[in-house]
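In case you want the letters, here they are:
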Amino acid sequence: MAATSLKTYELEEFSTYSIRNQRMCRRLCLEQFEKDMPQNRLNALLLTYSQGLIDEKVLGYNCTGLTTLKYPVRVKASLGVIGLGNVANLVQVVSHEELCF
């Protein structure tokens, strides 16, 4: 499946692309993600995303009952046109039950 963006943040503006500013941008991005996406909120977003996949018949169309889904979550930072890579990589486990009858 193609990657899906759940949230985009626009944070501070930096006047240069210096290494110091790149590090600060990465740090601010991670801090914002941790503040805005606690475990329970991220799970709720991924559960909604899972339900959308089921509705589109991409997932669970054979009536699988209780399903454990593992989503790779990557938080990427960029400073203008410069991609700063991933500031966080984690796997979020979501349990979803689709009633069969």
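Notes on the structure in this doc start here. Note that the coordinates shown come from a computational prediction; the quantities given were computed from them, not determined experimentally. (Residues numbered from 1 in each chain as written. Predicted model: local features only at pLDDT ≥ 70, side-chain atom pairs only at ≥ 80, totals over all residues. Heavy atoms only, no water.)

**A few points about the packing of aromatic side chains**
Evaluated as defined, the whole model comprises 1 aromatic pair. When the ring of Y49 is compared with that of Y71, the centres are 5.8 Å apart and the planes differ by 65°; the resulting orientation is edge-to-face. Placement of Y49 in helix α2 (residues 39-55) and of Y71 in strand β1 (residues 65-79) is noted, with a sequence separation of 22 residues between them. (Phe/Tyr/Trp six-rings, centres within 6.5 Å; stacked < 30°, edge-to-face > 60°. Helix = DSSP H or I, 4+ residues; strand = E, 2+ residues; numbered from the N terminus.)

**What about α2?**
With 17 residues, α2 should reach 24 Å at 1.5 Å per residue; the first-to-last C-alpha distance of 24 Å fits that figure. One or two steps after α2, the chain reaches K57, where phi turns positive at roughly 60°. (Expected span 1.5 Å × (residues − 1).)

**Brief notes about the layout of surface pockets**
Quantified by volume, the largest pocket comes out at close to 1100 Å³. Forming the walls of the largest pocket are 36 residues, and the residues nearest its centre are S5, K7, R74, V75 and K76. Elements that contribute at least two residues to the lining of the largest pocket include exactly α1 (19-36), α2 and β1. For the lining of the largest pocket, the leading source of residues is β1, giving 11 residues. Per-class residue counts for the lining of the largest pocket are 24 nonpolar, 5 polar and 7 charged. (1 Å grid on protein atoms, 1.4 Å probe; cavity = no way out; pocket = protein on both sides within 12 Å on 5 of 7 lines; lining within 4 Å. Points joined across faces, edges and corners; volume = space filled by probe spheres on them. Nonpolar A, V, L, I, M, F, W, Y, C, P; charged D, E, K, R; others polar.)

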